[in-house]
Every structure is written in C-alpha cells, then in structure tokens.
Amino acid sequence: PLAQQALGRDILLVAPVGNSESRKPETRYPAGLEGVFSVGAHDQFAERCSFSARSYRLDVLAPGQGLLCSGPNAQPVENTRSVAIAAAFAAGFCALICQCLRDKGQKAGPAEVFSLLRETAAARRNFNPGEDVEFGFGLLDPFAVLKRLDSSYAGPGK
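In this text, all values refer to a predicted model and were calculated from it rather than measured experimentally.

Participant: Got a minute to help me understand the pattern of salt bridges in this structure?
Facilitator: A pair can form between side chains of opposite charge whenever their charged atoms are brought close. Taken as a whole, this structure holds 7 salt bridges when the rule is applied. Ionic pairing is found between Lys 107 and Asp 10, a salt bridge with its closest N-O pair at 2.6 Å. Within this pair, whereas Lys 107 is found in the loop between helix H2 (83-103) and helix H3 (110-120), its partner Asp 10 is found in the loop between helix H1 (2-8) and strand S1 (14-16), the two being separated by 97 residues in sequence. A salt bridge links Arg 148 to Glu 119, with the nearest nitrogen and oxygen atoms 2.8 Å apart. Of this pair, Arg 148 sits in helix H4 (residues 142-149) while Glu 119 is found in helix H3, placing the two residues 29 residues apart along the sequence. Salt bridges sharing partners connect three or more residues here, namely Arg 48, Arg 54 and Glu 134.

Rendered as structure tokens:
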C-alpha cells in the first residue's frame with residue numbers, strides 16, 4: 001500500500017534487484033513491487049555483473065561495478081560490487097529526466113519516466129522486451145534518453 005500511495009503522488013520508486021549469484025530468477029522486494037523500477041548492475045564491459053540477481057521483474061541494468069564513490073573523509077574509492085550503486089545511478093538519472101520534462105511543461109510521473117527508460121534501453125539479446133531475466137529491457141542508455149528528449153542532442157563530444 002505504501003508504494004501505491006507514493007505512485008499516486010507521482011513519486012518515482014527505484015530499487016535494486018538484489019545481490020545473488022543464483023541462476024534461478026528471484027523476486028525481491030521492494031524491487032518486485034508493482035510500479036517500482038527495478039535495477040540490476042552491469043560492469044564496464046556492458047555485461048551483467050555475476051552478483052546482480054536474475055529476475056522476471058528486472059527493468060534495466062545500470063553501471064554497478066568499477067565506479068568511483070565517496071569513501072571515508074570524502075575520498076574517492078572504487079566501488080567493486082554493488083547493485084545498490086546501480087540503482088542509485090538510475091535514480092539520479094531519473095531525477096534529471098524529471099527536471100527536463102518539467103522544464104518542457106510535460107508530465108514527469110513514474111509512468112512517463114519509466115516508459116522512457118524502458119523504450120530507450122539498449123537491448124542486449126533477442127528477447128521480447130522485459131522478458132530477459134538477466135538484462136530486463138537492456139542497459140540504461142542515457143544518450144538515447146537525451147536524444148529522445150531533445151532531437152538536436154548530438155551526444156558527448158559532438
């Protein structure tokens with residue numbers, strides 16, 4: 001009920017799919033709740049991290065290995081294995097999308113943002129969208145999202 005209340009107020013809920021090396025797909029909560037955007041982790045080679053759980057509720061994979069994070073005394077440290085970092089990355093990107101949509105006077109609720117992320121995800125294998133228990137809809141693709149939001153966007157360094 002709490003998740004549904006948040007969604008009713010257009011609050012975006014993003015959760016990590018969980019850490020597990022099991023080959024069997026799992027449903028973990030809150031990532032398995034209806035309306036919650038479920039995120040797994042990929043590495044710097046765009047491969048699913050072995051520690052990122054497989055799930056029928058997986059939406060996308062986001063960077064979750066080899067990222068710099070803040071450590072003790074605000075010093076940068078390398079994150080080595082965290083689906084939670086991938087979910088934080090996706091949540092931060094969702095916030096930027098919401099701001100962009102609002103600046104354009106468009107609705108920026110969970111349905112709009114999550115659909116945009118699913119539609120622009122870089123599919124990794126030939127599955128029906130969203131049925132891949134290892135990649136979900138694919139890899140979170142910020143450049144495809146930005147291109148969709150602004151057709152004049154040419155990408156990084158262009």
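Participant: For this particular structure, what's the right way to read the sheet that holds S1?
Facilitator: Within a sheet, neighbouring strands are paired by backbone hydrogen bonds and run either parallel or antiparallel to one another. Strand order across the open sheet formed by 3 strands is S1-S2-S3, with parallel pairing between neighbours. Two strands lie at the open edges of the sheet, namely S1 and strand S3 (60-63), each paired on one side alone. Taken over all neighbouring pairs, the strand axes of this sheet differ in orientation by 45° on average, direction set aside. When strand S2 (residues 37-42) meets S3, the two strands line up parallel, connected through 4 bridges.

Participant: Explain H3 here, please?
Facilitator: Side chains of residues three or four places apart in an α-helix project in the same direction, reflecting 3.6 residues per turn. Every buried residue of H3 is listed here: Pro 110, Val 113, Phe 114, Leu 116, Leu 117 and Thr 120. Viewed end-on, H3 has its buried residues packed into an arc of 155°, placing them on one side of the element. Exposed side of H3, more than 90 degrees from the buried face: Ala 111 and Glu 119 are the residues found there. Check the buried side of H3 and you find it contacts H1, S1, S2, S3, H2 and H4.

Participant: Honestly, the nonpolar core in this entry has me stumped. Any pointers?
Facilitator: Most often, soluble globular proteins have nonpolar side chains that are buried together. Formed by 32 residues in total, the largest nonpolar core has its most connected members in Val 39, Ile 97, Val 113, Leu 117, Leu 140 and Val 145. Secondary structure elements with two or more residues in this core: S2, S3, H2, H3 and H4. Tallying contributions element by element places H2 first for this core, with 9 residues. Once you skip the residues sitting within four places of it in the chain, Leu 117 turns out to touch Phe 37, Val 60, Phe 93, Cys 94, Ile 97, Leu 140 and Val 145.

Participant: What is the right way to read the side chain of Asp 132 from this model?
Facilitator: Within the element layout of this structure, Asp 132 appears in the loop between H3 and H4. You can call Asp 132 buried: its relative accessible area is 3%. A polar side-chain atom of Asp 132 sits 2.9 Å from the main-chain amide nitrogen of Glu 134. Polar contacts involving the side chain of Asp 132 include one to the main-chain amide nitrogen of Phe 135, which spans 3.3 Å.

Rules used throughout
- Residues numbered from 1 in each chain as written.
- Predicted model: local features only at pLDDT ≥ 70, side-chain atom pairs only at ≥ 80, totals over all residues.
- Heavy atoms only, no water.
- Salt bridge = Lys/Arg side-chain N within 4 Å of Asp/Glu carboxyl O.
- Helix = DSSP H or I, 4+ residues; strand = E, 2+ residues; numbered from the N terminus.
- Pairing = 2+ DSSP bridges.
- Axes fitted to C-alpha atoms, helices over the stretch in contact; angles between N-to-C directions.
- Buried < 20%, exposed > 50% of the residue type's maximum accessible area, 1.4 Å probe, protein only.
- Arc of directions from axis to C-beta.
- Contact = heavy atoms within 4.5 Å.
- Core = buried A, V, L, I, M, F, W, Y, C linked by side-chain atoms within 4.5 Å.
- Polar contact = N/O pair within 3.5 Å; in protein donor to acceptor, adjacent residues only side chain to side chain.

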